[in-house]
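Topology and contacts: notes
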Amino acid sequence: MFFYVRASKMDKKAALLIGGAGVAVLGLGLGYKYLRKPEKVVRVGVVSQLLIHPLKSGRAVSVALVECQKIGLKFGEMQDRRVHWLVVTEDGHMVTGRQEPRLVLVSLTCEGGQVCLNGPNMEELRFPVKQPDNPVIDCRSVFRSDIQGRDCGEEASQWLTRYLGAEKTFRLVHFEPQMRARRPVEKEPLFPQYEQVAYTDIAPVMLLSDASVKDLSSRLGKDVTVDRFRPNIVVGDCEAFDEDSWEEIQIGSVRLQRILSCGRCMFTTVDPETGIMNRKEPLETLKSYRLCKPSEKHIYKSSPLFGQLHTVKKTGILQVGDVVYKISR
C-alpha cells in the first residue's frame, strides 16, 4: 500500500506538471496568434505582361498564363532561361548577349515535343526536346560555378554557328530536371540557403513596372521597351519605381519575396529589335539617377538599379490581369 500511495502522488505531480506545461504551450501559441501583427494587404498594381525566356539571351515569349515554380516560370514545354536552354562554346563556356548581341533575335519555342529555332534570314530548325543519348556537357559560367547541360546535337550546333557567323563553333545545351542546379554565387549571402538557379544570372523571377520604363524613356527622349530589360512579370497601374518598395507580394495564389534590386550591365545597350549593341544607352542615363545608396555599394558596386529580383515563397498560376498586392505586417 505504501508504494502504491507514493506512486499515485508522483503520478498526480507529473500530471499537474504536464498539464501546466500544456497550458503554458497553449497560452504561448494563442499569445503568438493574437500578438503577431496581422498581414496588411494593399493593392499596388495589375500584371500587364508575362514574359518567359526559354533561351538565355534569346527573344522573349509573351504568354497570358504561366505556372510559377520555385526555379522560374513554366509555360507548357517551355520554361524560363533560368531553367532550360543555353548557348555555349565548343569547350563549354557560356555565351550570352554580352558576347553575341544577335542572340536576342533568336526565338526558341516548343511544340509537341519538338524544339523550334528561328532567327533572321535562317530556316526554322526543329529537333526533339528529349535526346537522352546525347552527351551531358559541363558548362562553365561567368559566375565561377559550373552547371550541366544536355547537348542538343549537331544540327542545332551548325544552325547557331551559321547564324552567329563567327569562326568558333557554338553548341546548344538543355538543362534537365534531374541535373544539379547551382547556388546564386555572386549574391549568395542575400539568398536563402535552399535557393537554387540554373542558367540565370541570379534569381528565378524578375519584376519591373511599365511606369519605370516610361520614366526612363522620357529621360532618354525616345521609347524603350520592357523587352530590353528581360523581366518575367511586368506590372501596370502603378507609379514609376513603386516596385522598389514591395518586399513581399501576392499575385493570385503566388507569393514572391523581394531579395535585391537588379543591377544593370552592358547587355541593356543591346537593341532587342536589331541585335546591335551601342555600349552606351540606356545604361549611361540609368547611371545618372538609379545608383545605389553608398551603404549598398558592396552589393551593387557601380551598376544602376532597374527592376527587382524575387524568390518564390509560394508556387501557383500567374495570369495577365491579375491584381498585385503588397503584403506588410
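Residue positions are given per chain, counting from 1 as you read along its sequence in written order. Totals for whole chains, interfaces and linings use every residue, but because this is a predicted model, local features are given only for residues with pLDDT of at least 70 and side-chain atom pairs only at 80 or more, for both listing and counting. With hydrogens and water stripped out, all remaining heavy atoms of the structure feed into the side-chain values.

**A short note on the overall build of the protein**
Counting from the N terminus, the helices are the DSSP runs of H or I reaching at least four residues and the strands are the DSSP runs of E reaching at least two. Regarding its fold elements, the protein presents 5 helices and 20 strands. To sort residues, take the accessible area from a 1.4 Å probe on protein chains only and compare it with the maximum for the residue type: under 20% means buried, over 50% means exposed, and anything in between is partly exposed. Residues counted as buried form 49% of the 329 residues belonging to the protein. Note on contacts: a residue pair qualifies if any of its non-hydrogen atoms lie within 4.5 Å across the two residues. Of the contacts formed within the protein by residues at least 6 apart in sequence, a portion of 69% connects residues at least 24 apart. With an accessible surface of roughly 16700 Å², the protein has 55% of that area assigned to carbon and sulfur atoms. The method behind every accessible area is Shrake-Rupley, applied with a 1.4 Å probe, and residues are considered shielded solely by the protein chains displayed.

**Thoughts on the sheet that holds strand 8 (residues 107–111)**
To summarise the sheet geometry, strands pair through backbone hydrogen bonds and adopt either a parallel or an antiparallel arrangement. Here 3 strands make up an open sheet; going across it, the order is 8-9-10 and the pairing antiparallel. For this open sheet the edge positions go to strand 8 and strand 10 (125–128), each flanked by a neighbour on one side alone. Each neighbouring strand pair of the sheet contributes to a mean axis angle of 25°, computed without reference to strand direction. Of the pairings in the sheet, the one linking strand 8 to strand 9 (residues 114–118) comprises 5 bridges and is antiparallel in character. Bridging across to strand 9, Cys 110 finds its partner in Val 115. Helix axes are fitted only over the stretch in contact, all axes being lines through C-alpha atoms; the angle between N-to-C directions runs from 0 to 180 degrees. Strands strand 9 and strand 10 of the sheet are contacted by helix 2 (residues 154–164), whose axis makes an angle of about 150° with strand 10. Whether two strands pair depends on DSSP finding at least two bridges between them.

**Focus on the nonpolar core**
The set of buried Ala, Val, Leu, Ile, Met, Phe, Trp, Tyr and Cys residues whose side-chain atoms join them within 4.5 Å is what this entry labels a nonpolar core. Trp 85, Val 87, Leu 108, Leu 117, Phe 127, Trp 159 and Leu 172 are the most contacted members of the largest nonpolar core, which has 27 residues in total. For this core, the secondary-structure elements that each account for two or more residues are strand 6 (85–89), strand 8, strand 9, strand 10, helix 2 and strand 13 (170–174). Among the elements that take part in this core, helix 2 stands out by supplying 5 residues, more than any other. For Leu 117, the residues in contact, after removing those within four places along its chain, are Val 106, Ser 107, Leu 108, Glu 123, Glu 124, Leu 125, Phe 127, Trp 159 and Leu 172. Ranked by size, the runner-up nonpolar core spans 22 residues in total, among them Val 61, Val 63, Val 235 and Val 254.

**Topic: the sheet that holds strand 6**
One open sheet accounts for 5 strands, arranged 7-6-13-12-11; its pairing is antiparallel. Edge positions in the sheet fall to strand 7 (94–95) and strand 11 (136–140), since each has one partner strand and no second. Direction of pairing for strand 6 relative to strand 13: antiparallel, over a ladder of 5 bridges. Bridge pairing links Leu 86 to Val 173 in strand 13. With respect to the sheet, helix 2 is in contact with strand 6 and strand 13, its orientation differing from that of strand 13 by roughly 130°.

**Digging into the pattern of salt bridges**
Whenever Lys or Arg places a side-chain nitrogen within 4 Å of a carboxyl oxygen from Asp or Glu, that contact is recorded as a salt bridge. Applying the stated criterion across every chain, the model contains 14 salt bridges. A salt bridge links Arg 329 to Glu 39; the shortest N-O distance between them is 2.8 Å. Within this pair, whereas Arg 329 is found in the segment after strand 20 (323–328), its partner Glu 39 is found in the loop between helix 1 (2–35) and strand 1 (40–52), the two being separated by 290 residues in sequence. Judged by relative accessible area, which is 38%, Glu 39 ranks as partly exposed. The residue Glu 111 makes a salt bridge to Arg 126 at a minimum N-O spacing of 3.5 Å. Taken as a pair, Glu 111 in strand 8 and Arg 126 in strand 10 lie far apart in primary sequence, 15 residues in all. Looking at Glu 111, the relative accessible area reads 45%, which means it is partly exposed. When salt bridges with common partners are traced through the structure, they connect Glu 39, Glu 248, Arg 255, Lys 313 and Arg 329 into a single cluster.

**Section: the pairing of strand 14 (residues 205–209)**
Sheet faces and side chains relate simply in a regular strand, where the side chains alternate between the two faces. Across the 5 residues that make up strand 14, a large majority, 5, are buried. Residues Val 205, Leu 207 and Ser 209 point to one face of strand 14 and Met 206 and Leu 208 to the other, with burial holding for every one of them. Sheet analysis places strand 14 next to strand 18 (residues 305–314), joined by 3 bridges and oriented antiparallel. Note that in strand 18 the partner of Met 206 across the bridge is Leu 309. Bridge count for strand 14 against strand 15 (residues 233–236) is 3 bridges, and the pairing is parallel. Within the sheet, the bridge partner assigned to Leu 207 lies in strand 15 and is Ile 233. Seen with its strands pointing away from the viewer, a crossover is right-handed if its path from the first strand over the helix to the second goes clockwise. Considered for its hand, the β-α-β crossover made up of strand 14, helix 3 (residues 210–220) and strand 15 is right-handed.

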